[in-house]
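Structural description and commentary
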Amino acid sequence: MLTIAVSKGRIYDDALPLLAEAGIVPIDDPKTSRKLILRTTKDDVQLVIIRATDVPTFVEYGAADMGIAGKDVLLEHGAESLYEPLDLGIAKCRLMTATPVNAPEITGRIRVATKYVKTAQRYFADIGVQAEIIKLYGAMELAPLVGLADCIVDVVDTGNTLKANGLEPKELIAHISSRLVVNKASMKMKHQIIQALLDNFEKTLTTREKEV
Ligand code: AMP
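This section reports on the structure supplied with the text. Since the structure is predicted, the reported quantities are computational estimates derived from the model, not experimental observations.

Scoring rules and cut-offs
- Residues numbered from 1 in each chain as written.
- Predicted model: local features only at pLDDT ≥ 70, side-chain atom pairs only at ≥ 80, totals over all residues.
- Heavy atoms only, no water.
- Helix = DSSP H or I, 4+ residues; strand = E, 2+ residues; numbered from the N terminus.
- Contact = heavy atoms within 4.5 Å.
- Near = heavy atom within 4 Å.
- Polar contact = N/O pair within 3.5 Å; in protein donor to acceptor, adjacent residues only side chain to side chain.
- Areas by Shrake-Rupley, 256 points an atom, 1.4 Å probe, with all protein chains shown as cover.
- Nonpolar A, V, L, I, M, F, W, Y, C, P; charged D, E, K, R; others polar.
- Salt bridge = Lys/Arg side-chain N within 4 Å of Asp/Glu carboxyl O.
- Buried < 20%, exposed > 50% of the residue type's maximum accessible area, 1.4 Å probe, protein only.

**Quick word on the environment of Ala64**
Summarising the element assignment, Ala64 is placed in the loop between helix 2 (55–60) and strand 4 (66–70). Between the C-alpha atom of Ala64 and that of Gln46, which follows or precedes it by 18 residues, the distance is 9.5 Å. Not counting chain neighbours up to four residues away, the residues in contact with Ala64 comprise Thr3, Ala5, Val48, Phe58, Val59 and Asn183.

Below, the structure written as structure tokens:
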């Protein structure tokens, strides 16, 4: 059995067509089912539906052989313990800093609210800015509005969420897309099935590129 870890929502929606091209169609729909393990039309492949931030952990420990995770999550988790063989080019966005519109330039130490604590720490250290990082689990946009932080670090797609909260994107930290990650032991032990899947995904991605 090959287990693939996927998170619900944007990544799942974008990954479904790719999986379907490889003949993997979940038998239950996670939007209506409460099942966390989904059998698929391929008898030897199952999906586990977990939180996006848990995907690298499941794959690292071999609880899942493969996973689909955003680069933002992988940067934060530290992905040295995983193979990252394929950029799936789905769920694209940007990891950015954002501040209130027309905020004055901050000199000295800044306060940054984010769920990407390690990535933010690394970024501000790299650019030589002293930053106090405040860990939040959601609604980052609120932090500058209520005086909790000067700036946030978050993923931005259209920028509408920032705009609706009087914020604007500032510095680009990283371009984000979803990546296929593979457990190192599984890559050896289940090489045939994993390689076949990788080839299949790659073929679909190449065809998509040509169509654009
Ligand atoms: P936006 O289109 O910029 O208004 O994005 C809406 C919200 O969705 C943002 O606050 C992000 O937290 C989240 N978001 C956007 N794109 C992604 C993505 N590719 N992966 C994960 N979260 C995302």
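**Some thoughts on the site of the ligand**
In the vicinity of the ligand there are 13 residues, among which Ala91, Asp157, Thr158, Gly159 and Thr161 approach most closely. Within the side chain of Arg10, a nitrogen or oxygen atom sits 3.1 Å from a nitrogen atom of the ligand. In this structure, Glu141 approaches the ligand through a side-chain N or O atom, which is 3.4 Å from an oxygen atom. Taking 490 Å² as the accessible area of the ligand by itself, protein coverage stands at 77%. Of the residues that constitute the shell around the ligand, the class distribution is 4 nonpolar, 4 polar and 5 charged.

**Quick word on the pattern of salt bridges**
Inspection of every chain in the model, using the stated rule, returns 8 salt bridges. The partner of Lys190 in a salt bridge is Asp65, with the nearest N and O atoms 3.1 Å apart. Within this pair, whereas Lys190 is found in the loop between helix 7 (184–189) and helix 8 (191–211), its partner Asp65 is found in the loop between helix 2 and strand 4, the two being separated by 125 residues in sequence. Look at Lys190 and you get partly exposed, because its relative accessible area is 28%. Exposure remark for Asp65: the relative accessible area of 5% places this residue in the buried category. Across the salt bridge formed by Lys71 and Glu84, the nearest N and O atoms sit 3.1 Å from each other.

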